[in-house]
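Coordinate inspection notes
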Amino acid sequence: MQNNVLILDFGSQYTQLIARRVRELNIYCEIHPYNKLPDNLSDFKAVILSGSPFSVRGEDAPHPDLSEIRGKKPLLAVCYGAQYLAHFSGGEVAPSNTREYGRANLSFIKDGEGFFEGISLGSQVWMSHSDTIKSLPTGAVLLASTGDVENAAYKIENEETYAIQFHPEVYHSTDGKQLLDNFLIGIAKIQPDWTPNSFVDTTVAELKEKLGKDKVVLGLSGGVDSTVAAVLLHKAIGSNLHCIFVNNGLLRKNEFTSVLQQYEGMGLNVKGVDASARFLEALAGESDPEGKRKIIGRVFIEVFDDEANQIEDAKWLAQGTIYPDVIESVSVNGGPSATIKSHHNVGGLPDFMKLKVVEPLKMLFKDEVRRVGGSMGIDPELLGRHPFPGPGLAIRILGDITSEKVSILQEVDAIFINGLKENGLYNKVWQAGAILLPVQSVGVMGDERTYEKCVALRAVESTDGMTADWVNLPYEFLQKTSNEIINKVKGVNRVVYDISSKPPATIEWE
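First, a word on what this report is: a plain description of the structure on this page. Since the model is a prediction, treat every value here as computed from it, not as a measurement.

Rules used in this analysis
- Residues numbered from 1 in each chain as written.
- Predicted model: local features only at pLDDT ≥ 70, side-chain atom pairs only at ≥ 80, totals over all residues.
- Heavy atoms only, no water.
- Phe/Tyr/Trp six-rings, centres within 6.5 Å; stacked < 30°, edge-to-face > 60°.
- Helix = DSSP H or I, 4+ residues; strand = E, 2+ residues; numbered from the N terminus.
- Buried < 20%, exposed > 50% of the residue type's maximum accessible area, 1.4 Å probe, protein only.
- Polar contact = N/O pair within 3.5 Å; in protein donor to acceptor, adjacent residues only side chain to side chain.
- Contact = heavy atoms within 4.5 Å.
- Pairing = 2+ DSSP bridges.
- Axes fitted to C-alpha atoms, helices over the stretch in contact; angles between N-to-C directions.
- Core = buried A, V, L, I, M, F, W, Y, C linked by side-chain atoms within 4.5 Å.

Note on aromatic pairs: each is described by the distance of the centres and the angle between the planes. For the coordinates displayed, the defined rule picks out twelve aromatic pairs. Ring plane angle 50° and centroid distance 5.4 Å describe the contact between tyrosine 28 and tryptophan 194, whose orientation is recorded as tilted. Here tyrosine 28 is found in strand 2 (residues 28-33), whereas its partner tryptophan 194 is found in the loop between helix 3 (176-187) and helix 4 (196-211), with 166 residues between them in sequence. Tyrosine 28 gets classed as buried once you look at its relative accessible area, which sits at 14%.

This is the structure:
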């Protein structure tokens, strides 16, 4: 039996956080929709049921088949999961008098086989539910209460089945990580052996077996994901990896040249392809964000098809897809979570391409990709580089794309990013960039009236891109940057700073 954890998603906004917390314990886990259980259940040693925006009393309530899980594997039911077990196993779930949301403290604890080991009375937990468990399911023993929620945790006797009404995965549950440790390592006896080094060893072995002596084409972007993917593949197949760096005309200032130079000396076989005119021509007149993403994805594939056809017997297209891309694009493998936006490197290839897709990082979060890269000796400066969207500046130019707009935004972006580096702020920010708005405003430069463009600066702090907070950059820095942009970039007379977090906003504006 593998040391893997299966997380069944019922559509909770916190499901990805459960995965993050489990991974932090050096335990591998996967998220699957509640209605699409994996065929290989034997590969999973424990199961976690997520929360959900649904009510177990509703006609549309998620109703999973747990016959091969409950009583056969250690099971932890969180929030909706806890209510589900109660409602369908002899207990009672009813609307609470008041919506139970926010911080609470444990007022009663009865330890059950070490489930609450190291967690004291008064420990803060996070509640987020409108229903409450009025009575426990058949065979259940109460393990914990809060001041407002009597049945905050319980265990099913003669089973390794535990249920909690609160969310251990969120930051506000102060001992949440300890509780997950107690359940997964203490009760389920899972070995915390999933480390960057073990991931590299396992992935390289899998790639060797999967790819054999086939040739692989990989699109390099200069970013962390594609670079780590390239080094992993290079370890597996060596010279059979052919890397291509495409200039789509939407890169940062001078990035095409600098990125090619960056890979010199890394031993990778890299070819630069300037297709900027092709992309800009295809984007002409398109203003819709999803339309722009789809055009860029299509042309990207066309360019790769052209290049792949020049590589004799190329069989695979490698991509640096990571877990948040998959989650946001396909709603956790077609599950109940909301789809946020499409990602240009997610979803396979059109029929006309003869290449199959290989995605060695598709189950990793961004910070995990960086740790894997570090374990392979990749330059820390490269690994510390901010994420940059695949569609590039196209989704930072609101409205249609023109070469003039791209040029303006490249200049603004360069001033902002270079300023962050020069002032020791770059490494304190997870992602930063500038957005060209479809807005013109009146200004005064010298004694003349101007009517020019407005740009927004954006800087966020995050761990994996699933959530993000805006960074409180020093006023002096923002003032200096604004002045430099307005004085040096012709066509811009106003600079604003974006102070919205994700959620409710996204990191990018489109």
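A word on the side chain of serine 462. Along the chain, serine 462 turns up in the loop between strand 16 (448-461) and strand 17 (469-470). In terms of polar contacts, serine 462 uses its side chain to reach the backbone carbonyl oxygen of threonine 467, at 2.5 Å. Each residue touching serine 462, except ones within four places of it in the same chain, is listed here: Trp430, Thr467 and Ala468.

With that settled, the discussion passes to the sheet that holds strand 12 (residues 270-274). Taking strand neighbours across the sheet as the criterion, the five strands line up as 12-11-10-13-14 in an open arrangement whose pairing is parallel. The open sheet has two edge strands with one neighbour each: strand 12 and strand 14 (356-358). Between one strand and the next, the sheet's axes are offset by a mean angle of 30°, whatever the strand orientation. Here strand 10 (residues 215-220) pairs with strand 11 (residues 241-247) via five bridges, running parallel. From the neighbouring strand, glycine 219 faces strand 11, where its bridge partner is isoleucine 244. Contacts between helix 5 (residues 224-237) and the sheet are confined to strand 10, strand 11 and strand 13 (314-318), with strand 10 contributing the most and set at about 160° to the helix.

Of all the ten residues making up helix 1 (residues 15-24), nine are buried; the element is thus mostly covered by neighbouring parts of the structure. Considered for burial, the residues of helix 1 that qualify are Thr15, Gln16, Leu17, Ile18, Ala19, Arg20, Arg21, Val22 and Arg23. Backbone geometry just after helix 1 places asparagine 26 at a positive phi near 60°.

Right, let's get into the nonpolar core. Taken as a class, soluble globular proteins show a tendency for nonpolar side chains to be buried jointly. Membership of the largest hydrophobic core comes to 49 residues, with the highest contact counts inside it found for Val217, Phe279, Val412, Phe416, Leu420, Leu473 and Ile485. Ranked by the residues each element gives to this core, the list is headed by helix 12 (residues 403-422), at eight residues. Once residues within four sequence positions are removed from consideration, isoleucine 485 is found in contact with Val412, Ile415, Val455, Leu457, Val492 and Val495.

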